[in-house]
Amino acid sequence: MAKQAKPCVLVTGFAPFGGETINPSWEAVNQLEGLAIGRQESHIIHTKELPCEFNSALDALYQAIDKYHPSVVLCVGQAGGRSSISIERVAINVDDARIPDNAGNQPIDTPIVQDGPAAYFTALPIKRILKTLQENGIPSEISNTAGTYVCNHVMYGLLHYFQSQQLSCQGGFIHIPYLPTQAVHHSGAPSMSQEMVKKSLLAILNESLEYKPDLKISAGTTH
Ligand code: PCA
C-alpha cells in the first residue's frame, strides 16, 4: 500500500509586478519550502510561486492544492506602501485593475465568478493571529480590503474553490510591505525585513493549525 504523505500546508507568493524586480512575498515564501510546522512538527510546508496574472494565477493555485491536499493554504502578496503585516479578512467578487497584470490584461469592474457571492470571509483565526504577531513585536493589522487586483482575485478564487469543491481546508491571504531594498526606490515608503516576514508567516501557520476560525458567521460567505 502506498505510504500516506505527511500532512502539509501550502504557502504561495507572487512573481514581481508593476516594474519591481523582486516580489517580497515570494522572496520570503521560497525560504519556507520543506520546513516542518505545527505542534510536534505535524505538518510540512510546500510552496508555490503564482504568476501575477488574472488568467493563470488561479490555475496554478488550484493545481498546487490538488497536488498537495493541504490542511491550510496561505497566500501572500506585496502591498507596497503598507507598513504592517496585513491579515486580510475578506475578498470581494470584482476585478478592477489599476495597472495591467504581467500578461497585459487590465479587467475593469469585472466579476471574478459570474453570479458568485459578493464576498468570502477567511476562516483563519485572524484575531488570534493578530494577537500572536503583536506579542512577538511584529507590526500587524487586520485589513478589510485586499484591493481589487490580482491578490484579491486569488483570495476570492481560493475561498470559492474551498466552497465549490467542499474542501475541509482553511485559508486566507496576507499582504506584506516592501523589502528595504525596494523601499530605497520609493521615497518615504515603509518596509519590513525578510526575517520578520518569515517569522510572521511561520507564526500565522502555527496559529492556523492550532485554532478554529473565530468568525461567528458560518463558513464565510456573504451575499
Ligand atoms: N500584490 C498584488 C498582486 C501581486 C502582489 O504581490 C496585489 O496586491 O494585488
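Rules used in this analysis
- Residues numbered from 1 in each chain as written.
- Predicted model: local features only at pLDDT ≥ 70, side-chain atom pairs only at ≥ 80, totals over all residues.
- Heavy atoms only, no water.
- Helix = DSSP H or I, 4+ residues; strand = E, 2+ residues; numbered from the N terminus.
- Rg over C-alpha atoms; globule rule 2.2 N^0.38 Å.
- Buried < 20%, exposed > 50% of the residue type's maximum accessible area, 1.4 Å probe, protein only.
- Contact = heavy atoms within 4.5 Å.
- Areas by Shrake-Rupley, 256 points an atom, 1.4 Å probe, with all protein chains shown as cover.
- Lys, Arg positive; Asp, Glu negative; His and termini not counted.
- Charge placed at Lys NZ, Arg CZ, Asp CG, Glu CD.
- Axes fitted to C-alpha atoms, helices over the stretch in contact; angles between N-to-C directions.
- Parallel < 35°, antiparallel > 145°, perpendicular 65-115°, else oblique.
- Left-handed = near helix turned anticlockwise from the far one by under 90°.
- Nonpolar A, V, L, I, M, F, W, Y, C, P; charged D, E, K, R; others polar.
- UniProt positions renumbered as here; feature names shortened; annotations may be inferred.
- Expected span 1.5 Å × (residues − 1).
- Near = heavy atom within 4 Å.
- Polar contact = N/O pair within 3.5 Å; in protein donor to acceptor, adjacent residues only side chain to side chain.
- Pairing = 2+ DSSP bridges.

A tally of regular secondary structure across the chain gives 6 helices and 10 strands. For a compact globule of 223 residues, the expected C-alpha radius of gyration is about 17 Å, and the chain comes in at 16 Å, within 12% of that figure. For the chain, the spread of C-alpha atoms along the three principal axes comes to 50 × 40 × 35 Å. Every one of the 223 residues in the chain was classed for burial, and the buried ones make up 50%. In the chain, the share of contacts with a sequence separation of at least 24, taken over all contacts with a separation of at least 6, comes to 78%. For the chain, the accessible area works out to roughly 10600 Å², and carbon and sulfur atoms hold 49% of it. Averaging the coordinates of the 15 positive side-chain charges in the chain and doing the same for the 20 negative ones gives two points 11 Å apart.

This part covers the packing of helix α2 (residues 57-68) against helix α4 (residues 150-164). Close contact between α2 and α4 brings their axes to 10 Å; oriented N to C, the two are set at 40 degrees. As judged from the angle between their axes, α2 and α4 are oblique. Pair α2 / α4 crosses with right-handed handedness. Of the residues in α4, those touching α2 at A57, L58, L61, Y62, I65 and D66 are V150, H153, V154, G157, L158, Y161 and F162. Split by residue class, the contact of α2 with α4 holds 10 nonpolar, 2 polar and 1 charged.

In this numbering, the UniProt entry assigns the feature "active site" (unreviewed entry) to E88, C151 and H175. For this annotated set, covering 88 residues, all C-alpha atoms fall within 10.3 Å of each other, a compact arrangement in space. Relative to the helices and strands, E88 resides in strand β5 (residues 85-88). Residues in contact with E88, not counting those within four places in the same chain, are R82, T122, I126, S143, N144, T145, A146, M155, F173 and H175. For C151, the location among the structural elements is in helix α4. In this structure C151 comes out as buried when scored by relative accessible area, which is 11%.

With that settled, consider α2. The end-to-end C-alpha separation of α2 is 17 Å, in line with the 16 Å expected for 12 residues at 1.5 Å each. Looking at the buried positions of α2, the neighbouring elements they touch are β1 (8-14), β3 (43-50), β4 (72-78) and α4. Directly after α2, the chain includes H69, whose backbone phi takes a positive value near 50 degrees.

A separate point is the site of the ligand. As a structural note, the neighbourhood of the ligand is formed by F14, F17, N23, C52, G77, Q78, Y149, V150, C151 and H175. With respect to the ligand, the side chain of N23 contributes an N or O atom lying 2.9 Å from an oxygen atom. A distance of 2.8 Å separates an oxygen atom of the ligand from a polar atom in the side chain of H175. Within the complex, 93% of the 270 Å² of free accessible area of the ligand lies under protein.

Ordered in space as β2-β3-β1-β4-β9-β5-β8, the 7 strands form an open sheet in which the pairing is mixed. Taken across any chain shown, the strands that pair with only one partner, and hence form the sheet edges, are β2 (36-37) and β8 (140-143). Note: β1 against β3, 7 bridges, orientation parallel. Across the sheet, residue G13 finds its bridge partner in β3, namely E49. On top of the sheet, helix α6 (residues 194-210) reaches β1, β2, β3, β4, β5 and β9 (170-176); it is set at about 155 degrees to β4, its chief contact.

Let us look at the side chain of Q78. Note on placement: Q78 falls in strand β4. Only 3.1 Å separates the side chain of Q78 from the side chain of Q182, close enough to count as a polar contact. In contact with Q78, not counting residues within four places along its chain, are F17, E20, I22, N23, P24, S25, H175, I176, Y178 and Q182.

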